[in-house]
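Okay, here's what each chain looks like letter by letter:
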Amino acid sequence: ENFMTDEDGNPVSVGVWIDDKLSHWKSMISEEFGVSLAAVQRAVKDFAVEVNTRVNSLDPGQGLPDFDLSSAKAQSALKWLQENFVITVADKAADRFVIVCKKWYLSQMRERLSDAGFKQVDETEEEMVDRVLAIVEP
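Conventions we followed
- Residues numbered from 1 in each chain as written.
- Predicted model: local features only at pLDDT ≥ 70, side-chain atom pairs only at ≥ 80, totals over all residues.
- Heavy atoms only, no water.
- Helix = DSSP H or I, 4+ residues; strand = E, 2+ residues; numbered from the N terminus.
- Buried < 20%, exposed > 50% of the residue type's maximum accessible area, 1.4 Å probe, protein only.
- Contact = heavy atoms within 4.5 Å.
- Areas by Shrake-Rupley, 256 points an atom, 1.4 Å probe, with all protein chains shown as cover.
- Axes fitted to C-alpha atoms, helices over the stretch in contact; angles between N-to-C directions.
- Left-handed = near helix turned anticlockwise from the far one by under 90°.
- Nonpolar A, V, L, I, M, F, W, Y, C, P; charged D, E, K, R; others polar.
- Patch = residues over 30% accessible without salt bridge, like charges linked within 9 Å, V, L, I, M, F, W, Y side chains within 5 Å.
- Salt bridge = Lys/Arg side-chain N within 4 Å of Asp/Glu carboxyl O.
- Lys, Arg positive; Asp, Glu negative; His and termini not counted.
- Charge placed at Lys NZ, Arg CZ, Asp CG, Glu CD.
- Pairing = 2+ DSSP bridges.

Some words on the overall build of the chain
Phase 1 of the analysis: The number of helices and strands found in the chain is 6 helices and 4 strands.
Phase 2 of the analysis: Written out in order from the N terminus, the α and β elements of the chain read β-β-α-α-α-α-β-β-α-α.
Phase 3 of the analysis: When the backbone C-alpha atoms are referred to their principal axes, the chain occupies close to 65 × 35 × 35 Å.
Phase 4 of the analysis: Scored against the burial criterion, the 138 residues of the chain give a buried share of 12%.
Phase 5 of the analysis: Restricting the contact set of the chain to residue pairs at least 6 apart, pairs at least 24 apart contribute 24%.
Phase 6 of the analysis: Carbon and sulfur atoms form 57% of the exposed surface of the chain, whose accessible area is close to 11,500 Å².

A look at the packing of helix H1 (residues 14-21) against helix H3 (residues 37-57)
Phase 1 of the analysis: For the pair H1 and H3, the least separation of the axes is 7 Å and the interaxial angle reads 145°. Relative to H3, H1 is oriented so that their crossing is right-handed. The residues of H3 that touch H1, namely those facing Val-14, Gly-15, Ile-18 and Asp-19, are Val-44, Lys-45, Phe-47, Ala-48, Val-51, Asn-52 and Val-55.
Phase 2 of the analysis: A breakdown of the residues in the contact of H1 with H3 according to their chemical character gives 7 nonpolar, 2 polar and 2 charged.

Looking at a negative patch on the surface
Phase 1 of the analysis: Taken together, the side chains of Glu-125, Glu-126, Glu-127 and Asp-130 present a region of like negative charge at the surface.
Phase 2 of the analysis: Residue position: Glu-126 is located in helix H6 (residues 125-136).
Phase 3 of the analysis: Accessibility expressed as a relative area gives 60% for Glu-126, which makes it exposed.

A few points about the side chain of Lys-26
Phase 1 of the analysis: Tracing the chain through its elements places Lys-26 in helix H2 (residues 23-33).
Phase 2 of the analysis: Sequence-distant contacts of Lys-26, defined by excluding residues within four places in its chain, comprise Asp-19, Leu-37, Val-40, Gln-41 and Val-44.

Here's the deal with the side chain of Ser-30
Phase 1 of the analysis: Position of Ser-30 relative to the elements: it lies in helix H2.
Phase 2 of the analysis: Overall, Ser-30 belongs to the buried group, its relative accessible area being 11%.
Phase 3 of the analysis: Excluding residues within four positions of it along the chain, Ser-30 makes contact with Val-35, Ser-36, Leu-37 and Val-40.

Describing a nonpolar patch on the surface
Phase 1 of the analysis: On the surface, Leu-69, Leu-78, Trp-80 and Leu-81 cluster together to form a nonpolar patch covering roughly 390 Å² of accessible area.
Phase 2 of the analysis: Residue position: Leu-69 is located in the loop between H3 and helix H4 (72-84).

Points about the pairing of strand S3 (residues 85-90)
Phase 1 of the analysis: Of the strand pairs in this sheet, S3 and strand S4 (residues 93-101) are connected by 6 bridges, and their pairing is antiparallel. Note on S4: the bridge partner recorded for Val-86 is Val-100.
Phase 2 of the analysis: Turn length for the S3-S4 hairpin, with the two strands adjacent in sequence and antiparallel, is 2 residues.

It is worth stressing that arrangement in space is one thing and function is another; only the former is reported here.
Here it is, written out as structure tokens:
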């Protein structure tokens with residue numbers, strides 16, 4: 001079985017490690033989506049068990065199996081990911097990507113934009129670009 005290490009350096013299964021790393025998100029997901037905490041905990045546990053099973057079934061010399069991203073199942077999963085999550089760079093580590101709940105991300109963006117002195121305008125994107133270019137390239 002493949003192992004990760006917990007915060008104390010003890011070996012734990014990949015599934016246990018994932019469940020632990022997602023623990024602080026469980027209550028936030030429950031509150032944000034109006035789903036019972038028990039249901040979120042079950043979903044995370046099921047996910048962690050599935051990942052653990054798949055990781056342990058990999059042949060260390062073979063790497064990851066090929067995925068057919070054009071399959072209906074893959075397209076459906078990608079659509080779901082795009083509808084519910086945002087992939088962005090980490091705030092203080094631009095070389096690392098993070099996957100964030102889209103609802104939370106949008107709420108944070110609204111909050112930051114309203115607090116940072118930004119002003120809403122009625123220009124189209126093309127008009128804004130033309131205006132900026134006129135300033136930069138007179």
